[in-house]
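Spelled out from the first residue to the last, the chains are:
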Amino acid sequence: MSIASTRKRLLDARRAQRLIRFHTRFEKTEVMGYVLDVGPEFALVAVVNDRVWFDGFECFRVQDLREVRPYPRAAFVEAALRRRGERLPRKPRVSLADPEAMIRTAARVGPMLTIHLERIDPEVCFIGRVEGIEDGWMFLREIDPSARWDKTATPYRLKAITRIGFGADYEEALHLVGGEPKRVKARR
């Protein structure tokens, strides 16, 4: 499927508020959710997890998406969401104009951000707080799976980032336990 075709399917799903599924070129695990916005490089999705709850937002690079299709059991999923009192979240104030704007605005939505560098390692993600963006680099103060903050911020090239996530249960749990990090200077 071409990027133009993928973009058209995403835009159609957004207009129709249609539940979709897809996977990325880096993994075969299916993602289910609602498209909230489509920018030049990234699409913003309200994710529905496999337990049929809304679970935050992710911005996926359009060029990495594969097999974007309507979810075949959408009626069941939507009925379960309604009965649980789950409503389609409003689009958060995230700009998809370019990767820098996306990260800056997503970092304001919630206290934690998850970044993926799937071209480098599709099995790993990094979670933390954005400490700054400068000259094509983002500086992320990471939190580990035990909710302990790193002492310094780690630099990541903006163009290496293939996906970001925010507002999910796991990120929230890390923040609840880890609290706010102490301010430090970025490692360069």
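Our subject is the structure listed above.
Quick look at the structure, then.

The rules behind the values
Residues numbered from 1 in each chain as written. Predicted model: local features only at pLDDT ≥ 70, side-chain atom pairs only at ≥ 80, totals over all residues. Heavy atoms only, no water. Helix = DSSP H or I, 4+ residues; strand = E, 2+ residues; numbered from the N terminus. Rg over C-alpha atoms; globule rule 2.2 N^0.38 Å. Buried < 20%, exposed > 50% of the residue type's maximum accessible area, 1.4 Å probe, protein only. Contact = heavy atoms within 4.5 Å. Lys, Arg positive; Asp, Glu negative; His and termini not counted. Charge placed at Lys NZ, Arg CZ, Asp CG, Glu CD.

A few words on the overall build of the chain. If you tally the helices and strands in the chain, you get four helices and 10 strands. The helix and strand sequence of the chain, counted from the amino end, reads α-β-β-β-β-β-α-α-β-β-β-β-β-α. Scaling as 2.2 N^0.38, a compact globule of 188 residues should have a C-alpha radius of gyration of about 16 Å, and the chain matches this with 16 Å. Taken over the C-alpha atoms alone, the chain extends approximately 50 × 35 × 30 Å along its principal axes. Within the chain, the fraction of its 188 residues that count as buried is 49%. Long-range contacts, defined here as pairs at least 24 residues apart, represent 60% of the contacts in the chain between residues at least 6 apart. Once the 36 positive and 27 negative side-chain charges of the chain are each reduced to a mean point, those two points are 4 Å apart.

Next up on the list: the side chain of E171. In this structure, E171 sits in helix α4 (residues 169–178). Excluding anything up to four places from it in sequence, E171 contacts M112, T114, I127, G165 and F166.

To continue, consider unusual backbone geometry. One non-glycine residue, V52, lies in positive phi territory at about 65°. Turning to its location among the elements, V52 is positioned in the loop between β3 (42–48) and β4 (54–61). Assessed through its relative accessible area of 10%, V52 is described here as buried. Unusually for a residue other than glycine, D135 sits at a positive phi of about 50°. Within the fold, D135 resides in the loop between β7 (125–134) and β8 (137–143). Judged by relative accessible area, D135 falls into the exposed class, the value being 69%.

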